[in-house]
Each structure stands twice: as structure tokens, then as C-alpha cells.
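What follows is the residue order along each chain.
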Amino acid sequence: MHIDRKQSRQMSKAPIVLAVDTPELVTAIEWVKATQDYISVYKLGLEFFLTFGSEGVKAIKGVTDSDIFLDLKLHDIPHTVSGAAKAVSNLAPRYLTVHASGGAAMIKAAVDASPKTHVTGVTILTSLSEEDVSEIGYGKNSLDSAVGLARIAVAAGAGAIVCSPLEIAAIRKAVGPTPIIITPGVRPADSAAGDDQVRTMTPKGAISTGANLVVIGRPITQSWSAGAEAMRDRAAQIASELI
Ligand code: C5P
């Protein structure tokens, strides 16, 4: 992909996707302002989008030149997903998630509808146990199913894949060097225990295993309770381990 001025400026930012998980738009904007010197991508999820809509996304874009990751996890018939992807294409998100299990035609419909966006295939949700995966009807275990879904997504034109840290190596091997691999479920080594991420890897470990971007939320956003400067410092500290 062509590297423009905006992207070259971002090269000093760490390969971190900050999960902007807050129900308050004012807080979301403050988080972005506090951290944007270090964060390459801001992830806005379904709760954010259903509450604040396109105007909310524009408000975030108004305070940062970092990329937007619209985590809508689309999953429907191709025609409907195409319409949904077109509906958000004016927001020019760099990443837009779809469930890879929607199949090749659905993924391709999203790709065709949003040429400036990396359609991002979500493989197997890490909230699913092996039992769940088998009960749903996947014929293989979660690792092999995730690899299969990643292959389908990339063949259908997806530019990026979301997977668990434990699947990075196998998926990188299956899809080659080009697709962008994005992984949540990372925790800095010094992160306080006690939240709900279970099978984790450090950000550095995930990147050295083959991920291009790590999704981090609470290890950075929890520091907001101590103020904007504390949050900025925390983002800077985690970023320094990655650049
Ligand atoms: O706060 P934390 O660092 O756990 O945030 C991780 C973000 O990544 C959240 O927005 C969460 O919904 C998302 N995510 C995840 N695990 C997945 C997929 C998405 O934690 N398998």
C-alpha cells in the first residue's frame, strides 16, 4: 500500500490499537487526546457506534490523525453486509470487522463495498471454549478452525485478521507475510491481574510471534482514574516496549 504523509508520521506511534470502551463520548475524546502521540489506531466498538453513531466517530476523528478501527463485527447475507459497509464508508475507517464465519461471498461483499478500508476478518471469538466451538458445529478445534477462517477471509480479500495471541503463529504461516494480524488478549507483564482476559501474551511477545497490531484496553484506560497525564504516561510506557 502507498504510504502517505499521515502514515509516515504515524510510524513513531506504537503498533497499539486502543480499545475505547467507555459509554461517555466526552471521556472517549479525552482518552484519545491524552494518548494519541503513542497510539496508532483507536478501536470503536458496537456499543460506541450504537450510542453515538457516525457523529461520534467524526468527533473522534476530529481530535486525532490516528487510524479508526470500527469494530462492528458484521455478519449477515452478502447484500446486507455490502449495504452496511457502504453506510460507514464515508467515515473511512482504516479497519472494519466482519465475522469470517459469514463466508467468502459475505467478506468479498464488504471488501467490494469499502475499497479504502482493510476489511478485517474476526476468526473464532476467544470467549468460546473448545466445547462451545464443537457445539456450534465447527468440525475442527478452535486453532484449526481459526486458521481455516483466516485463509477464507484473506482469499476473499480481507486485508486484516483478528485472532487470539495463541493463534498468531499458525495463522501467519497460513496466510503469509502480507495480511495484518491484530490480536486482543494481550497484557503487559506488569499489568494488574483481576480482569477477565485469561489466555494472554505480552504485547512484545505477540508482535514477535507475528502480530502487526495489539489491542489494549484496560491496562491503559484504567489509568484515566488518575488523570490525563497518568494515562498519557501509561500509554508512553507500554508503547516504549514496542518501538
Ligand atoms: O480491556 P482489554 O485490554 O481487555 O480490551 C480488549 C478489547 O479487545 C476489548 O474491546 C474487547 O472487547 C476486545 N476483544 C477481546 N477479545 C477478543 C476480541 C475482542 O478482548 N477475542
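Residues numbered from 1 in each chain as written. Predicted model: local features only at pLDDT ≥ 70, side-chain atom pairs only at ≥ 80, totals over all residues.

Re the site of the ligand
Around the ligand, 13 residues are found, and the nearest of them are A19, T126, P184, G217 and R218. Those elements that place two or more of their residues in the shell around the ligand are β8 (213–216) and α10 (218–221). In the shell around the ligand, the residues fall into 6 nonpolar, 5 polar and 2 charged. (Near = placed C-beta within 6 Å. Helix = DSSP H or I, 4+ residues; strand = E, 2+ residues; numbered from the N terminus. Nonpolar A, V, L, I, M, F, W, Y, C, P; charged D, E, K, R; others polar.)

Description of the confidence of the model for the protein
Note: predicted coordinates in regions of low pLDDT should not be interpreted at a detailed level. In this model, the protein carries an average pLDDT of 93, and 93% of its residues clear a pLDDT of 70 or more. A low-confidence stretch, residues 1–5 (pLDDT under 50), is modelled with 1 contact involving residues beyond four sequence positions or located in other chains. (pLDDT = per-residue confidence, 0-100. Contact = placed C-beta atoms within 7 Å.)

A word on the packing of helix α2 (residues 25–35) against helix α11 (residues 228–240)
Where α2 meets α11, the closest approach of the two axes is 8 Å, and the angle between their N-to-C directions is 55 degrees. Classified by the angle their axes make, α2 and α11 are oblique. In the packing of α2 onto α11, the handedness of the crossing is right-handed. Across from E30, W31, A34 and T35 in α2, the residues of α11 making contact are A228, M231, R232 and A235. (Axes fitted to C-alpha atoms, helices over the stretch in contact; angles between N-to-C directions. Parallel < 35°, antiparallel > 145°, perpendicular 65-115°, else oblique. Left-handed = near helix turned anticlockwise from the far one by under 90°.)

Some details on the pairing of strand β7 (residues 180–183)
The pairing of strand β6 (residues 160–162) with β7 spans 3 bridges and is classified as parallel. In the strand pairing of β7, A160 is matched with I180. With helix α8 (residues 168–175) bridging β6 and the parallel β7, this β-α-β connection has right-handed handedness. As paired elements, β7 and β8 share 2 bridges and run parallel to each other. In the strand pairing of β8, I182 is matched with L213. (Pairing = 2+ DSSP bridges. Right-handed = clockwise from strand over helix to strand, strands pointing away.)

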